[in-house]
Amino acid sequence: MKIFVYPYSPTTIGFDPEFDGYVITTANAFERYLKLGFLKEKIEIAESIDFKHVFRIVQDLVESFSDFDEVFTLKENDIEWIDVINDYFFGEKNKPTMALFKDKYYMRSVLQGKIEQPDFVAMTSEISAEKVPEKGVIKPRRAEASLGVDFYANRFEFERTRANLAADDELILEEAVDYDVMFTCDGVFYQDELIQFFSNQYSNKVSNCDIERYTIIHTNENYWKNPSLISRLKEDTAEVLKILTNGKGTIAFHMEWFYNSVTDALTFCEVGARFGGWHIPEIVELAFGQDYRKTYWELKNGKRYLKMKQIPQPKQAAAVVGIYANHTAIPENMGKLLGARFKCIQYGSSSKKGATGNSDLLCLIMFAEDDIESIYQISEKIGKMIEEA
């Protein structure tokens, strides 16, 4: 059977009531289908013909019936995103739908109701201020490293942002999350199973990158302080990846989670099907003694790995310090001040500003210490150097 998505009258396209499948349409067009002879029980009404609502209806149909093989449309502006839904449910067996890892609106729509995440809507100039959260985040659906992210704290700021939207902007609006720490999770996922998993954390809020002089990413302190939280991160990360890949293929992943230490709540931020920026694979290798990049490429070349039975534990703590280009200068003689155990990579300056992109950096400094407390002590020393530069 097939699923046909169309918000208009079936008459103009010569649509036959003998169609072997289901129709997804709007409440306005519903009666037209009935008059033409379509069975009521094979018509699904969507609140809106968009990815978020149509995906959920298709998912319910596929879970109820096993013999669907395609979802399609004849509405030109909807062909691209409906093809993403078709690829997710009916695409190649070993190929995940990579658009879900790039487009934040698609990503959140697929995870809706299954993972703890912010409320969201597709941002358009027509959206009503009464239907959006009091505080929120507006971001490009396909940008990386927090580029183009705009925070609003009240309805006035929201209206100002909406007034500046271009007609072709593709944005998502998300509810603001109350958090104090952001964790990253990196590794390799293969056909419904975590093969490798490692976690780090940011020293400050990614949302503050425009006002910070530097950011530090270091081994997650909870490997030492709260191992059960690492276990939760691992399980929640695996669940997100199972849903987004639909059990298909091999991916490297870089995922971010908000954490509220008062309420102990983990809230999904986003995930990319890639290695983490800022040389995260290298600080993982420093801390854990494992190069998950090698594992990824071996899986791509046909080698098979067993499911991860235990969460790898760090042998030491590692960190990378990113000094932003538009706030400060590299302290003179940084290498001599820090010593031989530090690795410093210098970049040029740029006007672009993102949390973990390399285009906005003066330099990255990588180092490792015996424990997390030593990381904090050395990070404080580096921070003072940067502030005084």
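Criteria and thresholds
- Residues numbered from 1 in each chain as written.
- Predicted model: local features only at pLDDT ≥ 70, side-chain atom pairs only at ≥ 80, totals over all residues.
- Heavy atoms only, no water.
- Pairing = 2+ DSSP bridges.
- Helix = DSSP H or I, 4+ residues; strand = E, 2+ residues; numbered from the N terminus.
- Axes fitted to C-alpha atoms, helices over the stretch in contact; angles between N-to-C directions.
- Contact = heavy atoms within 4.5 Å.
- Core = buried A, V, L, I, M, F, W, Y, C linked by side-chain atoms within 4.5 Å.
- Buried < 20%, exposed > 50% of the residue type's maximum accessible area, 1.4 Å probe, protein only.
- Expected span 1.5 Å × (residues − 1).
- Polar contact = N/O pair within 3.5 Å; in protein donor to acceptor, adjacent residues only side chain to side chain.

(A) View of the sheet that holds strand 8 (residues 171-175). Spatially, four strands are ordered 5-8-6-7 in an open sheet, and the strand pairing comes out antiparallel. On the outer flanks of this sheet lie strand 5 (120-123) and strand 7 (150-152), each paired with one strand and no other. Each strand axis lies, on average, 25° off the axis of its neighbour in the sheet, ignoring direction. Note that strand 6 (residues 136-140) and strand 8 share five bridges and pair antiparallel. Bridging across to strand 8, Val 137 finds its partner in Glu 174. Sitting on the sheet, helix 4 (residues 104-111) is in contact with strand 5, strand 6 and strand 8, with an inclination near 150° to strand 5.

(B) Representation of the environment of Lys 114 within the structure. With respect to the helices and strands, the residue Lys 114 is situated in the loop between helix 4 and strand 5. The residues contacting Lys 114, other than those within four sequence positions of it, are Arg 56, Gln 59, Glu 63 and Ile 243.

(C) Spatial organisation of the nonpolar core. Counting 86 residues, the largest nonpolar core has Phe 51, Phe 197, Phe 253 and Val 271 as the members making the most contacts within it. Sorting elements by how many residues they give to this core places helix 7 (residues 227-245) first, with eight residues. Other than its neighbours up to four places away in sequence, Phe 51 contacts Trp 81, Val 84, Ile 85, Leu 100, Tyr 105, Tyr 106, Ser 109 and Val 110. Ranked by size, the runner-up nonpolar core spans 15 residues in total, among them Ile 365, Phe 367, Ile 378 and Ile 382.

(D) Geometry of helix 3 (residues 79-90). Along its twelve residues, helix 3 runs 15 Å from first to last C-alpha, staying within 8% of the 16 Å computed at 1.5 Å per residue. Buried within helix 3 are the following residues: Trp 81, Ile 82, Val 84, Ile 85, Asn 86, Tyr 88, Phe 89 and Phe 90. Each element contacted by the buried residues of helix 3 is listed here: strand 1 (2-5), helix 2 (51-64), strand 4 (70-73), helix 4 and helix 7.

(E) Main features of helix 11 (residues 372-388). Under the 1.5 Å per step criterion, the end-to-end length of helix 11 is 25 Å for 17 residues, consistent within 8% with the ideal 24 Å. Within helix 11 the residues assigned to the buried category are Ile 372, Ser 374, Ile 375, Ile 378, Ser 379, Ile 382, Gly 383, Met 385 and Ile 386. Taking the backbone nitrogen of Glu 373 as reference, a side-chain oxygen 3.3 Å away marks Asp 371 as the first, capping residue of helix 11.

(F) View of the environment of Asp 236. Summarising the element assignment, Asp 236 is placed in helix 7. Under the relative-accessibility criterion, Asp 236 is labelled partly exposed at 28%. C-alpha separation for the pair Asp 236 and Phe 268, spaced 32 residues apart in sequence, amounts to 8.7 Å. Among residues more than four places away in sequence, those in contact with Asp 236 are Trp 257 and Leu 266.

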